[in-house]
Amino acid sequence: MFETDTQDVAQRAFTGDLPPEVRVEELIARAHRRYAGLDEGRLADYIPLLEQADPGWFGLSLVSVDGTEHAAGDTEVRFSIQSISKAFVFALVCEAMGHEQVHDRVGVNNTGLPFNSVIAVELNDGSPMNPMVNAGAIATTALMPGGTPAEQWEHIRSGLSRFAGRPLELDGEVYRSERKANQRNKAIGRLLESYGRLDTDPLDTVDVYTRQCSLLVTATDLAVMGATLADGGTNPRTGERVVSAEVARDTLSVLASCGMYERSGEWLFEIGLPAKSGVSGGIVAVSPGKGAVGTFSPLLDLAGNSVRGQRACAYLSRSLGLSLFASAAHPVSQKVS
Ligand code: GLU
């Protein structure tokens, strides 16, 4: 399809460095102060347990590609990773299966429709479309190596733990709560099966997918996981290579176009970073070669993106010069809503 001779591949794409550490520290603290009082949005309610979150929680963490963390607020609160798992499971499957296979079996185009849309599958002749909506995420989970659902789950749990640099645990309560409410995902699984898009049992795969969404993380974990992608697939905290640089790049490309639900275009326009969010209130935003921001705040907008998290990312992207499309850091006085 799109080919490049090996000798033509650039060794390093360089988009600049982060500002000095004291400045990063100051801007993280300032972003936290600036948006902590914002109380727009609502808690997710379609998984009953998520409604019990404290609407005041707000954690912000930035981890650079050298592993340094700058943090403010509730960065130790644990919450279920939800849709953010899709990004990292996609990376693991790309690592195992290769770029072409995943491109053909799952796809990489935006649907423009809600994350759990059944119509999107029907409109696209059974294609799951991309790994960041539920259909594509279920198709991706089905491709995970392992002879049984239990082995696939173990690969996912250990793989996401390597991204985070520590063992991640399942939140059994969230898992059971979502298992009772995931009829729609089961329907999507069956629909993909009817189009011949799954080689696994759809209900087993949806169960593995539900578990992956129930892994507990913190804002700091998200920043470390994102920094691993920013660092070309090597975890900057543990030094472990989790995926290849090519897989890190491919994952970030998909996040840029599909990571923020139906608001992905608007997000890229305003913030200019590959990112993924989840309905429990987390966001990970990645600045390749520099680091990643992990945010957690459970009040969501109508698309399911954390309100405070988006505002903090917009502020940090501009004040730290993180955007992929910026040739230099913009002064903070420019439009920062
Ligand atoms: N576990 C949720 C679902 O599949 C994830 C939703 C989300 O974070 O977007 O419905």
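Residues numbered from 1 in each chain as written. Predicted model: local features only at pLDDT ≥ 70, side-chain atom pairs only at ≥ 80, totals over all residues. Heavy atoms only, no water.

Participant: Honestly, the site of the ligand in this entry has me stumped. Any pointers?
Facilitator: Near the ligand, the surroundings consist of Y46, Q82, S83, F115, N134, E178, N185, Y209, C213, Y261, G278 and V279. Here a nitrogen atom of the ligand and a side-chain polar atom of Q82 are 2.7 Å apart. For the ligand, an oxygen atom lies 3.0 Å from a polar atom in the side chain of N185. Expressed as a share of its isolated accessible area of 300 Å², the protein-covered part of the ligand is 99%. In terms of residue class, the shell around the ligand is made up of six nonpolar, five polar and one charged. (Near = heavy atom within 4 Å. Polar contact = N/O pair within 3.5 Å; in protein donor to acceptor, adjacent residues only side chain to side chain. Areas by Shrake-Rupley, 256 points an atom, 1.4 Å probe, with all protein chains shown as cover. Nonpolar A, V, L, I, M, F, W, Y, C, P; charged D, E, K, R; others polar.)

Participant: How should I be thinking about empty space enclosed by the protein in this particular structure?
Facilitator: Vacant regions in the atomic arrangement are exposed by a probe of water-molecule size rolled over the atoms. Per the counting criterion, the structure on display carries two cavities of 30 Å³ or more. Counted as a void, the largest cavity has a volume near 60 Å³. If you trace the largest cavity, you find it lined by N110, T111, L113, F115, N130, M132, V133, C258, Y261 and E262. Partitioned by chemical class, the residues of the lining of the largest cavity number six nonpolar, three polar and one charged. Lining the second largest cavity are T111, P114, F115, S117, A120, V121, S127, P128, M129, V133 and A135. Classifying every residue of the lining of the second largest cavity by side-chain character gives eight nonpolar, three polar and no charged. (1 Å grid on protein atoms, 1.4 Å probe; cavity = no way out; pocket = protein on both sides within 12 Å on 5 of 7 lines; lining within 4 Å. Points joined across faces, edges and corners; volume = space filled by probe spheres on them.)

Participant: What is the right way to read the packing of helix 2 (residues 84–97) against helix 9 (residues 202–213) from this model?
Facilitator: In a packed pair of helices, the relevant descriptors are the angle between the two axes and the axis-to-axis distance. Put simply, helix 2 and helix 9 touch, their axes get as near as 9 Å, and they point 115° apart. In terms of crossing hand, the pair formed by helix 2 and helix 9 is right-handed. Within the contact between the two elements, helix 2 uses S85, K86 and V89 and helix 9 uses Y209, Q212 and C213. Residue composition of the contact of helix 2 with helix 9, grouped by class: three nonpolar, two polar and one charged. (Axes fitted to C-alpha atoms, helices over the stretch in contact; angles between N-to-C directions. Helix = DSSP H or I, 4+ residues; strand = E, 2+ residues; numbered from the N terminus. Left-handed = near helix turned anticlockwise from the far one by under 90°. Contact = heavy atoms within 4.5 Å.)

Participant: How should the packing of helix 2 against helix 5 (residues 134–142) be read in this particular structure?
Facilitator: Interhelical geometry of helix 2 versus helix 5 gives an angle of 40° and a closest axis separation of 9 Å. If you check the angle between helix 2 and helix 5, you find them oblique. The two elements helix 2 and helix 5 meet at a crossing, and its hand is left-handed. Counted together, K86, V89, F90 and V93 of helix 2 and N134, A137, T140 and T141 of helix 5 form the full contact between these two elements. When its residues are assigned to classes, the contact of helix 2 with helix 5 shows four nonpolar, three polar and one charged. (Parallel < 35°, antiparallel > 145°, perpendicular 65-115°, else oblique.)

Participant: Just checking my understanding: could you explain the pattern of salt bridges for this structure?
Facilitator: For side chains bearing opposite charge, pairing can occur when the charged atoms are close. Applying the stated criterion across every chain yields a total of 13 salt bridges. With a closest N to O distance of 2.7 Å, R318 and E270 form a salt bridge. With a gap of 48 residues between them, R318 in helix 13 (residues 307–320) and E270 in helix 12 (residues 264–270) connect regions that are remote in the sequence. The exposure class of E270 is partly exposed, given its relative accessible area of 28%. (Salt bridge = Lys/Arg side-chain N within 4 Å of Asp/Glu carboxyl O. Buried < 20%, exposed > 50% of the residue type's maximum accessible area, 1.4 Å probe, protein only.)

Participant: Honestly, the side chain of T251 in this entry has me stumped. Any pointers?
Facilitator: Mapped onto the fold, T251 is located in helix 11 (residues 245–258). A distance of 2.8 Å separates a polar side-chain atom of T251 from the backbone oxygen of V247. With sequence-adjacent residues up to four places away left out, T251 is seen in contact with A87, F90, A91 and L229.

Participant: What should I look at first to understand the nonpolar core in this one?
Facilitator: Generally speaking, a soluble globular protein has its nonpolar side chains buried in company with each other. With 60 residues, the main nonpolar core has F88, L160, F163 and M225 as its most contacted residues. For this core, the element with the most residues is helix 2, which contributes nine residues. When neighbours within four sequence positions are excluded, L160 is seen to be in contact with I81, S85, F88, V89, L92, L168, L215 and M225. (Core = buried A, V, L, I, M, F, W, Y, C linked by side-chain atoms within 4.5 Å.)

Participant: Explain the packing of aromatic side chains here, please?
Facilitator: The geometry of an aromatic ring pair comes down to the distance between the two centres and the angle between the two planes. A complete count under the given rule lists five aromatic pairs for this structure. Plain terms: the ring middles of F115 and Y261 are 5.4 Å apart, the flat faces sit at 55° to each other, and that makes the pair tilted. Here F115 is found in the loop between helix 3 (99–105) and helix 4 (119–123), whereas its partner Y261 is found in the loop between helix 11 and helix 12, with 146 residues between them in sequence. Note on accessibility: F115 and Y261 belong to one class, buried. Among the aromatic side chains, those forming a connected cluster through ring pairs are W57, F79 and F296. Seen from the ring of Y261, K276 lies directly overhead, with NZ or CZ sitting 4.4 Å from the centre. (Phe/Tyr/Trp six-rings, centres within 6.5 Å; stacked < 30°, edge-to-face > 60°. Lys NZ or Arg CZ within 6 Å of the ring centre and 35° of its normal.)

Participant: What should I look at first to understand a positive patch on the surface in this one?
Facilitator: A surface patch of like charges, here positive, comprises R176, R179, K180 and K186. Per-element accounting of the positive patch gives the leading share, three residues, to helix 7 (residues 172–180). The topology assignment puts K186 in helix 8 (residues 183–194). (Patch = residues over 30% accessible without salt bridge, like charges linked within 9 Å, V, L, I, M, F, W, Y side chains within 5 Å. Lys, Arg positive; Asp, Glu negative; His and termini not counted. Charge placed at Lys NZ, Arg CZ, Asp CG, Glu CD.)

Participant: What is the right way to read the sheet that holds strand 7 (residues 291–296) from this model?
Facilitator: In a beta sheet, neighbouring strands pair by backbone hydrogen bonds and run either parallel or antiparallel. Spatially, 2-1-7-6-5 is the arrangement adopted by the five strands of the open sheet, whose pairing is antiparallel. Sheet topology places strand 2 (69–73) and strand 5 (275–277) at the edges, where each strand pairs with a single neighbour. This sheet shows a mean twist of 10° between the axes of neighbouring strands, independent of strand direction. Taken together, the three bridges between strand 5 and strand 6 (residues 282–287) define a ladder with antiparallel strand orientation. Looking at strand 6, one finds that K276 is bridged to V284. (Pairing = 2+ DSSP bridges.)

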